[in-house]
Amino acid sequence: MNIVLHGINLQKEFLPYIEQLIGILSSHGIRTFFTENFTKSIKKLQVPARSFEILGPEMGMGEMDFVLSVGGDGTLLDTVIQVGRQQTPIVGINTGRMGFLATVAKENIQNAIRNLVEGEFALESRSLVTLEASRPVFNGMNFGLNEFTIHKRDTSSMIIVHTYIDGQYLNSYWADGLIVATPTGSTGYSLSCGGPLITPGARNFVITPVSPHNLNVRPIVVPDESVISFKIEGRSEKFLISLDSRSTAIDASVELKLKKADFSARLVKFLGYNYFDTLRQKLNWGFDMRN
C-alpha cells in the first residue's frame, strides 16, 4: 500500500501526533510519501530519512492508494486540489477547529489506520465546481470543493452581478459579492451569509448573495446540472473571484461560466461516522446552558 501525507503550516504542538502517524504507517509496512509542502512543514521534526519519500515524477499521485490530509478543513480543500482528476481517496486527520471535512480526531489516528488497512471504511463522493473563463485563471486548477465566489476587490461601492442559469436570466445581484456553493460548501461561507444547509448527496448548488442591497433577495437552490454564467459591473476596474481559498483579480471583460466538474473528490469515512451527528456537534444544535 502506498500512502502520501499532505499538510500545510503545521503547528509545532501537533508534531508528536505526526511522529506517531509515521510510526504507525511504518509498523503496517506501508510505503509512505510526503508532498513537498508537507516536507517543508515538518522540517523541525526529526524523521529518519528511510521512513518516507517525497512525491515526485517517478511516483506521482496516481500511484497512491490514499492521501492523508493532516490539518483542518482548509488543508483538506488544498488536498483536493493536489489530487485533482486522480480522485485518490482522501483521509482527513483533523488538527484544526471545525472538522466538517477532516473528521478523524488526532487521538484516533491508530484506529483510523488500522481500519484503513483492514478495509473497514466507506468512500463518499463529493461533487466539485469547475470554472470556465475567457482567459486562464488559477493556473489551470480551475475547480473547487466548497464554492466559487465573486467579490468586490476593496471597500468601495457594491458590485452588480448579472446571473444566468442555462442562458436564461435569473437576477442582477446588487451586493458585495455572490457565492455558488456545492452541498459540501453549504456549511461554509454560504452558511455565514444566510444560505441553507444541503446534505452531501444532494445534486444541487446554492446561489447566495453576500450583503445584498435589496433585502428581499434570498439564496436559491438550483440543480447541479445547470450552467451558471455571470456578467459583472461596478465602479472598480477589478473584481475578485475565488475557488475555495484561492483568489485572483479579473476585470469585467472576462466571461465566466460555472458548472459541475466531470470528476469528484472521494473522502474516506470510517464506521460510526454520521453527517448529521457532525452537524449537531459542530453547529452546537440543541446546546443550551439550561440543559
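Residues numbered from 1 in each chain as written. Predicted model: local features only at pLDDT ≥ 70, side-chain atom pairs only at ≥ 80, totals over all residues. Heavy atoms only, no water.

Within the protein chain, the regular secondary structure consists of six helices and 18 strands. Relative to the compact-globule value of 19 Å for 291 residues, the protein chain shows a C-alpha radius of gyration of 20 Å, a close match. Summarising its shape, the C-alpha atoms of the protein chain cover approximately 60 × 55 × 35 Å along the three principal directions. For the protein chain, the proportion of its 291 residues judged to be buried stands at 49%. Taking all contacts inside the protein chain whose residues are at least 6 apart in sequence as the whole, residues at least 24 apart take part in 69%. When the accessible surface of the protein chain is split by element, carbon and sulfur atoms take 48% of a total near 14,700 Å². Averaging the locations of the 28 positively and 28 negatively charged side chains of the protein chain gives two centres separated by 4 Å. (Helix = DSSP H or I, 4+ residues; strand = E, 2+ residues; numbered from the N terminus. Rg over C-alpha atoms; globule rule 2.2 N^0.38 Å. Buried < 20%, exposed > 50% of the residue type's maximum accessible area, 1.4 Å probe, protein only. Contact = heavy atoms within 4.5 Å. Areas by Shrake-Rupley, 256 points an atom, 1.4 Å probe, with all protein chains shown as cover. Lys, Arg positive; Asp, Glu negative; His and termini not counted. Charge placed at Lys NZ, Arg CZ, Asp CG, Glu CD.)

Per the stated rule, a full pass over the model turns up six aromatic pairs. When the centroid spacing of 5.5 Å and the interplanar angle of 85° are considered together, the rings of Phe 66 and Phe 121 count as edge-to-face. With Phe 66 in strand E4 (residues 66–71) and Phe 121 in strand E7 (residues 121–133), the pair connects residues that are 55 residues apart, well separated along the chain. In this arrangement the basic side chain of Lys 106 is found over the ring face of Tyr 17, its NZ or CZ atom lying 5.8 Å from the centre. The residue whose ring lies beneath Lys 269 is Tyr 273, and the NZ or CZ to ring-centre distance is 4.6 Å. (Phe/Tyr/Trp six-rings, centres within 6.5 Å; stacked < 30°, edge-to-face > 60°. Lys NZ or Arg CZ within 6 Å of the ring centre and 35° of its normal.)

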